[in-house]
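Listed here are the chains, written in short residue letters.
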Amino acid sequence: MTDTEFVRKLAEQAGTLALAACRTLNLERKADQSLVTNVDRAVEELVRREIAERFPKDAFYGEESGGDPLSAERVWIVDPIDGTTNMVFGLPIWGVSIGLVIAGKPALGAFHLPRVQETYWFTAGEGAFRNDEPLRAEDRGPLLQEDTIGVGSKAIIQADLSRFPCRQRNFGSLCAHWAYAASGAFRANVSTLDRLHDLGAVYGLAVEAGCAVEYLAGGEVPFETFLRDPVNRRPLVVGPRETIDRVREAIRFPEE
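Sequence order sets the numbering: in each chain, residues are counted from 1 along the sequence as written. For a predicted model such as this one, the threshold for reporting local features is a pLDDT of at least 70, and the threshold for listing and counting side-chain atom pairs is 80 or more; totals across whole chains, interfaces and linings nevertheless cover every residue. Working from all heavy atoms in the structure, the side-chain values ignore hydrogens and water.

1. Quick notes on the pattern of salt bridges
Phase 1 of the analysis: For this document, the term salt bridge refers to a Lys or Arg side-chain nitrogen within 4 Å of an Asp or Glu carboxyl oxygen. Tallied over the entire structure, the rule returns 16 salt bridges.
Phase 2 of the analysis: One salt bridge in this structure joins Asp-58 and Arg-74, with 3.0 Å as the shortest N-O distance. With Asp-58 in the loop between helix 2 (38-54) and strand 3 (59-62) and Arg-74 in strand 4 (residues 74-82), this residue pair connects regions lying 16 residues apart in the sequence.
Phase 3 of the analysis: In this structure, Glu-214 and Arg-248 form a salt bridge, with 2.6 Å as the shortest nitrogen-oxygen distance. You can see Glu-214 sitting in strand 13 (residues 212-215) and its partner Arg-248 sitting in helix 8 (residues 241-250), a full 34 residues away along the chain.
Phase 4 of the analysis: Using a 1.4 Å probe on the protein chains alone, a residue whose accessible area is under 20% of its type maximum counts as buried, one over 50% counts as exposed, and one in between counts as partly exposed. Judged by its relative accessible area of 15%, Arg-248 is buried. Helix and strand labels come from DSSP, where a helix needs a run of H or I of at least four residues and a strand needs a run of E of at least two; each type is numbered from the N terminus.

Rendered as structure tokens:
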């Protein structure tokens, strides 16, 4: 089994565990008032255990258990349930994100949405996929009324959309938003307060599909940025480079 096959299988195995555990949810609130459940913790423990058995020398950084993402050349970055609130209230857009970073760059990863049975995965230099379908995000010209653009939960309450011509979509899972940008379902995604654990799988997925990752105000956002500071506080956009330029004309934030 290759490492990519391992991570894809593990994400799907963790999704199966999550579906079963959903029948007996125990809820808590973190210091930031976001929800955490027994499912989040059980999935992260499963993923950590399986990774440690196969790669005992690798570092681990998880949403629930933390870690030092700069402690080793190889680090696994895990969000056990991205979209916990959706899972709690019965919405289908949530999943398990597992990514491997080597020397500061995404090497491979998988994001599995168990309710819709989709797995988005990538290997650096070998492409991005949804299940077994190759993904390629391409610019489609001017932004049109029926085009969909993702705007994250934090960004939507800050953004000035007075000139926004498209359909705004917010599904409550940053991983899903980036996966949809990679697949072309979203022409782009705009977000703020992105966190390292959200991006372990989908940053590489988006780049392998042909997307750029840039600040809305301008400038590329390499993955190493998140390793140094696990919380992004500036609006950023992911999508084909030409589309990003179009989005800049359509969305503004107060501080820009």
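2. Overview of the side chain of Asp-58
Phase 1 of the analysis: The exposure class assigned to Asp-58 is buried, which follows from its relative accessible area of 17%.
Phase 2 of the analysis: In what follows, a contact means two residues having at least one pair of non-hydrogen atoms within 4.5 Å. Dropping the residues within four chain positions of it, Asp-58 is found in contact with Arg-74, Trp-76 and Leu-100.

3. Examining the nonpolar core
Phase 1 of the analysis: One finds Trp-178 and Phe-223 to be the most contacted residues of the largest nonpolar core, which totals 38 residues.
Phase 2 of the analysis: If you tally residues by element for this core, the top one is helix 4 (residues 174-183), at eight residues.
Phase 3 of the analysis: Setting aside residues up to four positions removed in sequence, Trp-178 forms contacts with Asn-189, Ser-191, Asp-194, Leu-199, Val-202, Tyr-203, Ala-206, Val-213, Leu-236 and Val-238.
Phase 4 of the analysis: With 28 residues, the next largest nonpolar core counts Val-7, Ala-14, Ala-21 and Leu-46 among its residues. As used here, the term nonpolar core means buried Ala, Val, Leu, Ile, Met, Phe, Trp, Tyr and Cys residues forming a set that is joined through side-chain atoms within 4.5 Å.

4. Some points on the sheet that holds strand 7 (residues 118-123)
Phase 1 of the analysis: Strands sit in the order 3-4-5-6-7-8-9 across an open sheet of seven strands; the sheet is mixed. Each end of this open sheet is capped by a strand with a single partner; those strands are strand 3 and strand 9 (133-134).
Phase 2 of the analysis: Two strands are counted as paired when DSSP detects at least two bridges linking them. Two strands pair when backbone bridges link them, and strand 8 (residues 127-130) and strand 9 are joined in this way by two bridges, in the antiparallel orientation. Across the sheet, residue Phe-129 finds its bridge partner in strand 9, namely Pro-134.
Phase 3 of the analysis: Structural elements are reduced to axes, namely lines fitted to C-alpha atoms, with helices fitted over the stretch in contact, and the angle between N-to-C directions of any two is expressed from 0 to 180 degrees. Sheet strands touched by helix 1 (residues 3-21): strand 4, strand 5 (95-102), strand 6 (105-113) and strand 7. Its angle to strand 6, the strand with the most contacts, is close to 30°.
Phase 4 of the analysis: Contacting strand 3, strand 4 and strand 5, helix 2 runs over the sheet at an angle of about 155° to strand 4.

5. Focus: the packing of aromatic side chains
Phase 1 of the analysis: Pairing of aromatic rings covers Phe, Tyr and the six-membered ring of Trp, with a centre-to-centre limit of 6.5 Å; geometry is then stacked below 30 degrees between planes, edge-to-face above 60, and tilted otherwise. Taken as a whole and assessed by the stated rule, the structure comprises twelve aromatic pairs.
Phase 2 of the analysis: Aromatic side chains Tyr-120 and Tyr-180 sit 6.4 Å apart centroid to centroid with 75° between the ring planes, which places their arrangement in the edge-to-face category. You can see Tyr-120 sitting in strand 7 and its partner Tyr-180 sitting in helix 4, a full 60 residues away along the chain. For the pair Tyr-120 and Tyr-180, a shared accessibility class is recorded, and that class is buried.
Phase 3 of the analysis: Seen from their ring centres, Tyr-203 and Phe-223 are 5.2 Å apart, and the 75° between their planes marks the pair as edge-to-face. Residue Tyr-203 is located in helix 6 (residues 202-208), and its partner Phe-223 is located in the loop between strand 13 and helix 7 (224-228); the two are separated by 20 residues in the primary sequence.
Phase 4 of the analysis: Classification of Phe-223 by relative accessible area gives buried; the value is 2%.
Phase 5 of the analysis: Taken together, the ring pairs in this structure connect Tyr-120, Phe-171, Tyr-180 and Phe-186 into an aromatic cluster.
Phase 6 of the analysis: Definition used: whenever NZ (Lys) or CZ (Arg) falls within 6 Å of the ring centre and also within 35 degrees of the ring normal, the charge is taken to sit over that ring. It is Arg-234 that lies over the ring of Tyr-215; its NZ or CZ is 3.7 Å from the centre.

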